[in-house]
Amino acid sequence: MTKKPLPVKKKEFMEEHLPYEITLMRESYKLALIPKPWAEHNSFIVAFLNSSRNLIEFFKNKPSCDFDPRMFTRSTYQIEKRFLRDTILTEVNNQISHLTSKRTKVLNEKLGEKLWAELNANLESEISRFEKALTDEYKRIWKLPQSFAISTSNVSGQSSSPTSTVTVTTDSRTDCLIAGPTGPSGPQR
């Protein structure tokens, strides 16, 4: 009996897009905890919270996500809509994802390290529960790196780190991203 091939979009989602979001969440969380210049620090915070938001929407099977976690798991897996407190997604939407009057300039009302830790712990628990419930078919293609080393190189091929597992390439003439794990390929000349 031959196996039916996995639908391309589901396979692509499990091989690339979901691992990308999980890895971005993990790596940007670690980097957000390290003091840096303002713009760099905030970039890691925003990356962590946006990837977390995408994962919340996936694990809660929100309409904004095309994929239901149960597409990839055994029938015993159930959506756990209460895996984190209800207000977290609203707080992220209000403070990061949307420009609304609900944003605050009061420092202790902003999304800080305590909320990040709570969000990270809840998502890690949900990721683990999901991984344990994967069908054999999806376990075979599930490759989630534990960590990404990122290097940059310019078009002429000079690399700042030859040992990286992911290479982000930029065009030194424009400082534009040429290739990324799921992002646009940038300008083509």
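Model, not experiment: these values are computed from the prediction.

Within the chain, the regular secondary structure consists of five helices and three strands. Across the chain, helices and strands are ordered from the amino to the carboxyl terminus as α-α-α-α-α-β-β-β. Split into buried and exposed, the 189 residues of the chain put 34% on the buried side. Once local pairs closer than 6 in sequence are excluded, the contacts in the chain between residues at least 24 apart make up 55%. Summing over all exposed atoms, the chain offers an accessible surface of approximately 11700 Å²; the carbon and sulfur share of this is 56%.

Quick look at the nonpolar core now. Membership of the largest hydrophobic core comes to 38 residues, with the highest contact counts inside it found for Met 14 and Leu 49. If you list the elements that add at least two residues to this core, you get α1 (8–32), α2 (38–59), α3 (87–97), α4 (113–133) and α5 (136–141). For Met 14, the residues in contact, after removing those within four places along its chain, are Pro 19, Phe 72, Phe 130, Leu 134, Tyr 138, Ile 141 and Trp 142.

So, on to the pattern of salt bridges. The tally for this structure, following the rule as stated, stands at 11 salt bridges. In this structure, Asp 68 engages Arg 70 in a salt bridge whose closest nitrogen and oxygen atoms are separated by 2.7 Å. With a relative accessible area of 16%, Asp 68 lands in the buried category. Classification of Arg 70 by relative accessible area gives partly exposed; the value is 38%. Through salt bridges with shared partners, one network takes in Lys 60, Arg 82 and Asp 86.

This structure, assessed with the given rule, holds 14 aromatic pairs. Aromatic side chains Phe 13 and Phe 67 sit 4.1 Å apart centroid to centroid with 20 degrees between the ring planes, which places their arrangement in the stacked category. Taken together, the positions of Phe 13 in helix α1 and Phe 67 in the loop between α2 and α3 put the pair 54 residues apart, joining distant regions of the chain. On the basis of relative accessible area, Phe 13 is assigned to the buried category, the value being 9%. Centre to centre, the rings of Tyr 29 and Phe 48 are 5.0 Å apart; their planes meet at 40 degrees, and the pair counts as tilted. Placement of Tyr 29 in helix α1 and of Phe 48 in helix α2 is noted, with a sequence separation of 19 residues between them. According to the relative accessible area criterion, Phe 48 is buried, its value standing at 0%. Through a chain of ring-to-ring contacts, the aromatic side chains of Phe 13, Phe 58, Phe 59, Phe 67, Phe 72, Tyr 77, Phe 83, Phe 130, Tyr 138 and Trp 142 assemble into a single cluster.

We now examine the confidence of the model for the chain. On average, residues of the chain score 78 in pLDDT, and 72% of them are at 70 or above. Taken element by element, the chain is modelled with least confidence in strand β3 (residues 176–179), mean pLDDT 35, and with most confidence in α4, mean pLDDT 96. pLDDT under 50 marks residues 148–189. Its contacts with residues more than four places away, or in other chains, come to 63 contacts.

Geometrically, a packed helix pair is captured by the angle between its two axes and the distance between the axes. Taken N-terminus to C-terminus, the directions of α1 and α4 make an angle of 150 degrees; their axes are 11 Å apart at the nearest point. Between α1 and α4, the angle falls in the class roughly antiparallel. Handedness of the crossing formed by α1 with α4: left-handed. In this structure, α1 contributes Met 14, Leu 18, Ile 22, Met 25, Arg 26, Tyr 29 and Ala 32 to the contact, and α4 contributes Trp 116, Ala 117, Asn 120, Leu 123, Glu 124, Ile 127 and Phe 130. Classifying every residue of the contact of α1 with α4 by side-chain character gives 11 nonpolar, one polar and two charged.

Between α2 and α4, whose axes approach to 11 Å, the crossing angle comes to 40 degrees. Viewed along their axes, α2 and α4 adopt a mutual orientation that is oblique. In terms of crossing hand, the pair formed by α2 and α4 is left-handed. Only Leu 115, Trp 116, Leu 119, Asn 120, Leu 123, Glu 126, Ile 127 and Phe 130 of α4 make contact with α2, whose side of the interface consists of His 41, Ile 45, Phe 48, Leu 49, Ser 52, Leu 55, Ile 56, Phe 58 and Phe 59.

A few words now on the environment of Thr 104. Tracing the chain through its elements places Thr 104 in the loop between α3 and α4. Residue classification places Thr 104 among the buried positions, given a relative accessible area of 16%. The contact partners of Thr 104, leaving out residues within four places of it in the chain, are Gln 95, Glu 109 and Lys 110.

Conventions and cut-offs
Residues numbered from 1 in each chain as written. Predicted model: local features only at pLDDT ≥ 70, side-chain atom pairs only at ≥ 80, totals over all residues. Heavy atoms only, no water. Helix = DSSP H or I, 4+ residues; strand = E, 2+ residues; numbered from the N terminus. Buried < 20%, exposed > 50% of the residue type's maximum accessible area, 1.4 Å probe, protein only. Contact = heavy atoms within 4.5 Å. Areas by Shrake-Rupley, 256 points an atom, 1.4 Å probe, with all protein chains shown as cover. Core = buried A, V, L, I, M, F, W, Y, C linked by side-chain atoms within 4.5 Å. Salt bridge = Lys/Arg side-chain N within 4 Å of Asp/Glu carboxyl O. Phe/Tyr/Trp six-rings, centres within 6.5 Å; stacked < 30°, edge-to-face > 60°. pLDDT = per-residue confidence, 0-100. Axes fitted to C-alpha atoms, helices over the stretch in contact; angles between N-to-C directions. Parallel < 35°, antiparallel > 145°, perpendicular 65-115°, else oblique. Left-handed = near helix turned anticlockwise from the far one by under 90°. Nonpolar A, V, L, I, M, F, W, Y, C, P; charged D, E, K, R; others polar.

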